[in-house]
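Architecture at a glance
Here are the chains, one letter per residue:
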Amino acid sequence: MARQLRIEFEGAVYHVTSRGNQRGKIFWDNQDRERLRTILERTKERYSYLLHAYVFMDNHYHLLVETPRANIKQIMQNINTSYTVFVNRKYNRSGHLFQGRYKAFIVDKDGYLLELGRYIHLNPVRAGVAKSPEDFRWSSYRDYLYAHEGRGITDTNETLGFLSKRWRIAVKKYKEFVDAGMGAKSPLENAVGSILGDETFMERVVKYIRGVPDRREVPEIRKIEKKYEIKDVVRGVAGYFGLAKEDLLTRRKRTEAERKIAVYLS
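Heads up: these notes are all about the structure in this document.

Another point: the packing of aromatic side chains. All told, the structure shown has 11 aromatic pairs when counted by the stated rule. Consider the rings of Phe27 and Tyr83, whose centres lie 5.6 Å apart with planes at 55 degrees: the pair is tilted. Of this pair, Phe27 sits in the loop between β1 (12-19) and α1 (30-47) while Tyr83 is found in helix α2 (residues 72-90), placing the two residues 56 residues apart along the sequence. Across the pair, exposure class does not vary: Phe27 and Tyr83 are buried alike. Relative to Tyr91, the ring of Trp28 has its centre 5.0 Å away and its plane inclined at 45 degrees; by these criteria the two rings are tilted. Separated by 63 residues along the polypeptide, Trp28 in the loop between β1 and α1 and Tyr91 in the loop between α2 and β4 (103-107) bring together distant segments of the chain.

Here it is in structure tokens:
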């Protein structure tokens, strides 16, 4: 069976998760996590993507990635292949490290950049491995707290810019926003398939998919394309021509042409 197509376009933002094979570990010590962080730094330079947030848990990781060049497949293949080679060599192992392909939600940046960053940074707290997100070394949260020092590999400006143009105020508000999010549901629960955004964003994604030759291999197409019932078609045609619905539902010579249009569309 052919692999399902990934949705890619310039400027797309993704929440990406890769999990260990059979829920197994992907990190055994801090050197492993440091190597993945180095790989992210290298691939950022090579593929020119933005990294808005990340966290490295024991058996999975999360990334919030923006792709100006529409190249998420290349990015993720390089990251996971490079890290798997490192682990297999270090631990004298072979075979798959990750559980199948990475999972990627394509997201509306304006609507969900802040929420997804918070969700990622609170992962260690929800998992019980840290009392606060600042206590966990292997996430991008500290990059946000000390962004003015140029620390880390995270692109923090846009997220903080949503909160204030003044750095200190933005950081304070972001910290308050994250602290207030412990009881919040995952924003990914609002996704349709693997697409997270409002109706306008959905329409943008549909417009892109319609230009893909093998678009039916994109599983979300059936979920996000609008479905119209006959009553919707009748209402639309009647409104377009300034008629009443009854004019189309009964055989009348003066509206025969309009009725044929409604039948064709139906």
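Tyr61, Leu63, Met76, Ile79 and Tyr83 are the most contacted members of the largest nonpolar core, which has 54 residues in total. Counting residues per element, this core draws most heavily on α2, at 7 residues. With 11 residues, the next largest nonpolar core counts Val125, Leu145, Tyr174 and Val178 among its residues.

On to the pattern of salt bridges. Counting across every chain of the model gives 12 salt bridges. Lys109 is paired through a salt bridge with Glu158; the nearest N and O atoms lie 2.8 Å apart. Note that Lys109 is positioned in helix α3 (residues 109-121) and Glu158 in helix α6 (residues 157-161), a separation of 49 residues in sequence. Judged by its relative accessible area of 16%, Lys109 falls in the buried class. The exposure class assigned to Glu158 is partly exposed, which follows from its relative accessible area of 32%. A salt bridge links Lys175 to Asp179; the shortest N-O distance between them is 3.4 Å.

Conventions and cut-offs
- Residues numbered from 1 in each chain as written.
- Predicted model: local features only at pLDDT ≥ 70, side-chain atom pairs only at ≥ 80, totals over all residues.
- Heavy atoms only, no water.
- Phe/Tyr/Trp six-rings, centres within 6.5 Å; stacked < 30°, edge-to-face > 60°.
- Helix = DSSP H or I, 4+ residues; strand = E, 2+ residues; numbered from the N terminus.
- Buried < 20%, exposed > 50% of the residue type's maximum accessible area, 1.4 Å probe, protein only.
- Core = buried A, V, L, I, M, F, W, Y, C linked by side-chain atoms within 4.5 Å.
- Salt bridge = Lys/Arg side-chain N within 4 Å of Asp/Glu carboxyl O.

That is the geometry; function is a separate question.
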